[in-house]
Amino acid sequence: MDKNSHYRDRIKFTLKMKKEYTILSPAMAPIHFKILKPILLRQGFKIEIMDAEGPEVLQLALKYLHNDMCYPSMLTTGQMLATIMSGKYDPDKVAMVITQSGGGCRDSNYIHLMRKAFEKAGYPNVPFISANIWGLELNSGINLTPKSLLMALAGLIYGDMIMICSNQVRPYEVNKGETDKMIDKWTTQLGEGFFKGKGFSTKAIKKNLKEIANDFASIEIKKTPKVKVAVIGELFLKYSAPGNNHLEEFLAEQDCEVYVPSILGFGIYKTNGALEDLRLYGGNKAKKAILEVAMKYMFKMEDLLISAIENNPNFVPPERVNDLKKRAEGVINVGNSMGEGWYLAAEMLEFADHGYENIVIVQPFGCLPCHVAAKGMINKVRRIDPRLNIVDIEYDPGATRVNQENRIKLMLVVAKENLSKKKNIEE
Ligand code: SF4
């Protein structure tokens, strides 16, 4: 038994499997995944993103998981089961990959429940790979080089950059489809670069980020006043279209500009949380030293990302995580790092200051961290900044899309009234 494993009989992903197996990943942030995929292909992994969604997927999850589980764990388990049952892949030649944040919330425990669900469903031999930076659940077949890890971080930063710029251009583009073509151009170009082992040095990142910003800024736009909405909340739901019932598309149909925060920011917040835990409760000195080095590197990358956006007056950059932390201080304890913790309250205040005072919080059913740190903070942040117009939307297997969209529409009624009041004052 692997001493790093919490699961007695887990099937490890071996070097031999690497050659023969297809690794299936849940669908999350499509722009980021398209850039990251070639890094794994280059390392000899065959990887595919699962696209199953809909009520049947959730029914499968409910059949094999306890219905008290949080919604992202339900959805990803259902997606995995639906994919393996679809007949598209040989069940004896697939592995599943899932991220494990290593924190105290259920995210750290999904993987064990998924194995049990697969066992019950008749697929006990499917290996589950934990993607994490904490050294949990080692597998001999997962031998990512430091270069690949640096590329993966660079890929996340590029994904953030493209997501942030494109979201601020697409609603105003004169020639429909130009922004999406630009996304395709950059995701393909960066992916090809990674496949050749290029594009991850600091110099290359700096150059590419600048060019991405300039390219998106060159798209012809017509700026008309629109309701600006920030989408915050639980990590998986925020980025996963199957998870949030295609929320970004819905908001675009309602003629809104949407801001979705960076994944890098969340990574820094999470690492900061681990360091904060070590400071508050003590712990392993070597782990602290590694985390501090990782943090330093991420801060450097954050600076590259934000500077590239700041240098371009067309775009609103995200705030630095250290500044967000200052916003949270006095509002919620910054030791509150379970799930999205203090980050949510800080983001609400941040967005109100940058013109995105309308906020949708995507909140999974069964998620205690989000209930405390999101729903529990709404009144408090509203007292601090009355401009905030917030709706928290709960996602669970029984919630209907129509109901969720109707609640968002109510929030948008207030947003539209506020927008026309602003226009009247300016005129
Ligand atoms: S933050 Fe909430 S929804 Fe996300 S994994 Fe943790 S418990 Fe589940």
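Structure shown above.
This text gives an overview of the structure that appears in the document.

Conventions and cut-offs
Residues numbered from 1 in each chain as written. Predicted model: local features only at pLDDT ≥ 70, side-chain atom pairs only at ≥ 80, totals over all residues. Heavy atoms only, no water. Helix = DSSP H or I, 4+ residues; strand = E, 2+ residues; numbered from the N terminus. Buried < 20%, exposed > 50% of the residue type's maximum accessible area, 1.4 Å probe, protein only. Contact = heavy atoms within 4.5 Å. Areas by Shrake-Rupley, 256 points an atom, 1.4 Å probe, with all protein chains shown as cover. Lys, Arg positive; Asp, Glu negative; His and termini not counted. Charge placed at Lys NZ, Arg CZ, Asp CG, Glu CD. Axes fitted to C-alpha atoms, helices over the stretch in contact; angles between N-to-C directions. Parallel < 35°, antiparallel > 145°, perpendicular 65-115°, else oblique. Left-handed = near helix turned anticlockwise from the far one by under 90°. Nonpolar A, V, L, I, M, F, W, Y, C, P; charged D, E, K, R; others polar. Phe/Tyr/Trp six-rings, centres within 6.5 Å; stacked < 30°, edge-to-face > 60°. Lys NZ or Arg CZ within 6 Å of the ring centre and 35° of its normal. Pairing = 2+ DSSP bridges. Core = buried A, V, L, I, M, F, W, Y, C linked by side-chain atoms within 4.5 Å. Near = heavy atom within 4 Å. Domains from an automatic or database assignment.

**Thoughts on the overall build of the protein**
Item 1. On a plain count of helices and strands, the protein comes out with 17 helices and eight strands.
Item 2. Considered along the principal axes of its C-alpha atoms, the protein spans approximately 70 × 50 × 45 Å.
Item 3. Every one of the 427 residues in the protein was classed for burial, and the buried ones make up 55%.
Item 4. At a minimum sequence separation of 6, the contacts of the protein that also span at least 24 residues come to 76%.
Item 5. Accessible area of the protein: about 19,400 Å², with a carbon and sulfur share of 55%.
Item 6. If you average the places of the 57 positive and of the 50 negative side-chain charges in the protein, the two averages end up 5 Å apart.

**Here's the deal with the packing of helix 6 (residues 146-169) against helix 12 (residues 285-310)**
Item 1. Two elements in contact, helix 6 and helix 12, have axes separated by 11 Å at closest approach and are oriented at 25 degrees. As summarised for this structure, helix 6 and helix 12 are arranged roughly parallel, according to the angle between their axes. Here helix 6 runs over helix 12; the crossing is right-handed. Residue-level inspection shows Leu150, Leu153, Ile157, Asp160, Met161 and Ile164 of helix 6 in contact with helix 12, the latter providing Tyr297, Met298, Met301, Leu305, Ala308 and Ile309.
Item 2. Grouping the amino acids of the contact of helix 6 with helix 12 by side-chain chemistry returns eleven nonpolar, no polar and one charged.

**Section: the packing of helix 4 (residues 71-85) against helix 5 (residues 110-120)**
Item 1. The N-to-C vectors of helix 4 and helix 5 enclose an angle of 35 degrees; their axes lie 11 Å apart at closest approach. Where helix 4 crosses over helix 5, the two elements pack in a sense that is right-handed. Between helix 4 and helix 5, the residues in contact are Pro72, Ser73, Thr76, Thr77, Met80, Leu81 and Ile84 and Tyr110, Met114, Ala117 and Phe118, respectively.
Item 2. Residue composition of the contact of helix 4 with helix 5, by class: eight nonpolar, three polar and no charged.

**What to know about the side chain of Thr22**
Item 1. As for its placement among the helices and strands, Thr22 is situated in strand 1 (residues 22-25).
Item 2. Once residues within four sequence positions are removed from consideration, Thr22 is found in contact with Lys46, Glu48, Tyr89, Lys93, Val94 and Ala95.

**Digging into the packing of aromatic side chains**
Item 1. Applying the stated criterion across every chain, the model contains 13 aromatic pairs.
Item 2. Where Tyr269 meets Tyr343, the ring centres are 4.9 Å apart and the plane angle is 25 degrees; that geometry is what we call stacked. In this pair, Tyr269 is assigned in helix 11 (residues 263-281) and Tyr343 in helix 14 (residues 341-353), connecting sequence segments 74 residues apart. Tyr343 matches Tyr269 in its accessibility class, with the two residues each being buried.
Item 3. An angle of 75 degrees between the planes, with centres 6.1 Å apart, marks the rings of Phe351 and Tyr356 as edge-to-face.
Item 4. According to the relative accessible area criterion, Phe351 is buried, its value standing at 3%.
Item 5. According to the relative accessible area criterion, Tyr356 is buried, its value standing at 0%.
Item 6. Positioned above the aromatic ring of Phe45 is the side chain of Lys18, whose terminal nitrogen or guanidinium carbon lies 4.7 Å from the ring centre.
Item 7. Sitting above the plane of the Tyr356 ring, Lys228 keeps its charged end 5.2 Å from the centroid.

**Quick notes on the sheet that holds strand 5 (residues 227-233)**
Item 1. What the four strands build is an open sheet, ordered 6-5-7-8; its pairing is parallel. Edge positions in the open sheet fall to strand 6 (256-259) and strand 8 (389-395), since each of these has one partner strand only. On average, adjacent strands in this sheet sit at an angle of 25 degrees to one another, irrespective of strand direction.
Item 2. Bridge analysis of strand 5 against strand 6 gives four bridges, and the strand direction is parallel. Counterpart to Ala230 in the pairing with strand 6 is Tyr259.
Item 3. Each of strand 5, strand 6, strand 7 (358-364) and strand 8 is contacted by helix 14, which is oriented at about 170 degrees to strand 5, the strand it contacts most.

**Some thoughts on the nonpolar core**
Item 1. Residues Phe216, Leu251 and Trp342 are the most contacted members of the largest nonpolar core, which totals 103 residues.
Item 2. By residue number, the principal contributor to this core is helix 6, which donates eleven residues.
Item 3. When near neighbours in sequence (up to four residues on either side) are disregarded, Leu251 contacts Val229, Val231, Cys256, Val258, Ile408 and Leu412.
Item 4. Judged by nonpolar contacts, the second largest core, of 28 residues, contains Ala82, Tyr89, Met96 and Ala117.

**Brief notes about the site of the ligand**
Item 1. The environment of the ligand is formed by Cys70, Pro72, Cys105, Arg106, Asp107, Tyr110, Glu234, Gly339, Glu340, Pro364 and Cys367.
Item 2. Per-class residue counts for the shell around the ligand are six nonpolar, one polar and four charged.
Item 3. Split by domain, the shell around the ligand shows at least three residues from each of two domains, domain 1 (15-143) and domain 2 (225-261 + 318-426).

Read these as layout, nothing more, since geometry by itself doesn't imply function.
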